[in-house]
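Secondary and tertiary structure notes
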Amino acid sequence: MSKNRARDRAARAHMETTGAFRARAARTVDTTAGAEPFTLGTTVFLLDASIPVGIDHGLADAATMEQLFAALVARSAVFVERDGVPYGAYFEVHVVPPAGSRPGDAPDGWRNAAAIVYVVARRPWDLDDELDHVVTDAYRAIRDTLHRHWPGLPEEDDHAALPWHLLASLRGRLTEEGAQDLLREMQEKAICSSRTIGADEEVDPANW
């Protein structure tokens, strides 16, 4: 087993046994294994979006707009990049009831949608603001994918993303335990879920 693969499995085990999220699991493992600039880590954010009213003509039989929304978000992980340089990412997506995180109603012809998005990537997580940069990279890939599939959303009503630690703070969950509780509470209300198919092997949990 390669050194990176061993670290990946150790990080995953730490996440599963402690409930750690963002990049903490990877940092904990690398503290004892000998840190390298890029490590496997994860972060999570809330996507506040708008989807068209009505039914997409490309929907498969019995599929819902929420399922298509989840699939589009998950698929966009293959387009994640920074400054024109792509990097491997994997998304796990849980569509949840919109929570009114963005003021105002959706524009005419659109309705609100929301999703919890987990991001897995190998990044230099210890760098200042790297977590927020990864959220921004993921958001831009998602935004562009949704714009391509459903064009016409007014710019002032564009999709938005909020890192989970900020969302938790806004809702009075000021500890990591509180943030985890909020995550579980919201995920239990998920309408549907999806995940990235075809992600790079090293960031796809199915290969760990």
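Residues numbered from 1 in each chain as written. Predicted model: local features only at pLDDT ≥ 70, side-chain atom pairs only at ≥ 80, totals over all residues. Heavy atoms only, no water.

Let us now look at the environment of Leu146. Checked against the element boundaries, Leu146 lands in helix H4 (residues 130–149). Judged by its relative accessible area of 1%, Leu146 is buried. The sequence separation of Leu146 and Ser50 amounts to 96 residues, and the corresponding C-alpha distance is 9.2 Å. Not counting residues up to four positions away in its chain, the partners in contact with Leu146 are Ala49, Phe69, Leu72, Pro151 and His159. (Helix = DSSP H or I, 4+ residues; strand = E, 2+ residues; numbered from the N terminus. Buried < 20%, exposed > 50% of the residue type's maximum accessible area, 1.4 Å probe, protein only. Contact = heavy atoms within 4.5 Å.)

Turning our eyes to something else, we now look at the packing of aromatic side chains. Summed over all chains, the structure comprises 0 aromatic pairs. Positioned above the aromatic ring of Tyr87 is the side chain of Arg123, whose terminal nitrogen or guanidinium carbon lies 4.1 Å from the ring centre. Against the face of Phe79 rests Arg148, its NZ or CZ located 5.0 Å from the ring centre. (Phe/Tyr/Trp six-rings, centres within 6.5 Å; stacked < 30°, edge-to-face > 60°. Lys NZ or Arg CZ within 6 Å of the ring centre and 35° of its normal.)

Of all the 14 residues making up strand S1 (residues 39–52), 14 are buried; the element is thus mostly covered by neighbouring parts of the structure. Every second residue of S1 is oriented toward a common face, with Thr39, Gly41, Thr43, Phe45, Leu47, Ala49 and Ile51 on one face and Leu40, Thr42, Val44, Leu46, Asp48, Ser50 and Pro52 on the other, all of them buried. Examined bridge by bridge, S1 and strand S5 (residues 110–123) share 14 bridges and lie antiparallel to one another. Across the sheet, residue Ala49 finds its bridge partner in S5, namely Ala113. Pairing of S1 with strand S6 (residues 160–163) involves 4 bridges; the strand directions are antiparallel. Counterpart to Leu46 in the pairing with S6 is Leu162. (Pairing = 2+ DSSP bridges.)

Counted according to the given criterion, the structure contains 8 salt bridges. With its nearest N and O atoms 2.4 Å apart, the salt bridge here joins Arg184 to Asp181. With Arg184 and Asp181 both in helix H6 (residues 176–187), this residue pair falls 3 residues apart, about one helical turn. Arg184 sits in the partly exposed class, given a relative accessible area of 45%. The exposure class assigned to Asp181 is partly exposed, which follows from its relative accessible area of 26%. (Salt bridge = Lys/Arg side-chain N within 4 Å of Asp/Glu carboxyl O.)

Counting 38 residues, the largest nonpolar core has Phe45, Leu47, Phe69, Phe91, Val117, Ile142 and Trp150 as the members making the most contacts within it. Broken down by secondary-structure element, the contributors of at least two residues to this core are S1, helix H3 (65–75), strand S4 (89–96), S5 and H4. If you tally residues by element for this core, the top one is H4, at 8 residues. (Core = buried A, V, L, I, M, F, W, Y, C linked by side-chain atoms within 4.5 Å.)

Our next topic: the sheet that holds S5. Read from one edge to the other, the open sheet built from 5 strands follows the order S6-S1-S5-S4-S7, with strand pairing classed as antiparallel. Each of the sheet's edge strands pairs with one partner strand only, and the pair in question is S6 and strand S7 (192–195). Across the sheet, the axes of successive neighbouring strands diverge by a mean angle of 20°, strand direction being ignored. Running over the sheet, H6 touches S1, S4 and S5 and is turned about 130° from S5. (Axes fitted to C-alpha atoms, helices over the stretch in contact; angles between N-to-C directions.)

On to H3. Of all 11 residues making up H3, 8 are buried, and the element is well covered by its neighbours. Those residues of H3 that fall on the buried side of the exposure criterion are Met65, Glu66, Leu68, Phe69, Ala70, Leu72, Val73 and Ala74.

With 80% of its residues at a pLDDT of at least 70, the chain reaches an overall mean of 85. A low-confidence stretch, residues 22–34 (pLDDT under 50), is modelled with 31 contacts involving residues beyond four sequence positions or located in other chains. (pLDDT = per-residue confidence, 0-100.)

The subject of this paragraph is the side chain of Asp56. Along the chain, Asp56 falls in the loop between S1 and H3. Among buried Asp, Glu, Lys and Arg side chains, Asp56 stands out as unpaired, with Arg75 the closest opposite charge at 9.7 Å. Engagement of the side chain of Asp56 in a polar contact is seen with the side chain of Trp150, the distance being 2.8 Å. The residues contacting Asp56, other than those within four sequence positions of it, are Met65, Leu68, His149 and Trp150. (Lys, Arg positive; Asp, Glu negative; His and termini not counted. Polar contact = N/O pair within 3.5 Å; in protein donor to acceptor, adjacent residues only side chain to side chain.)

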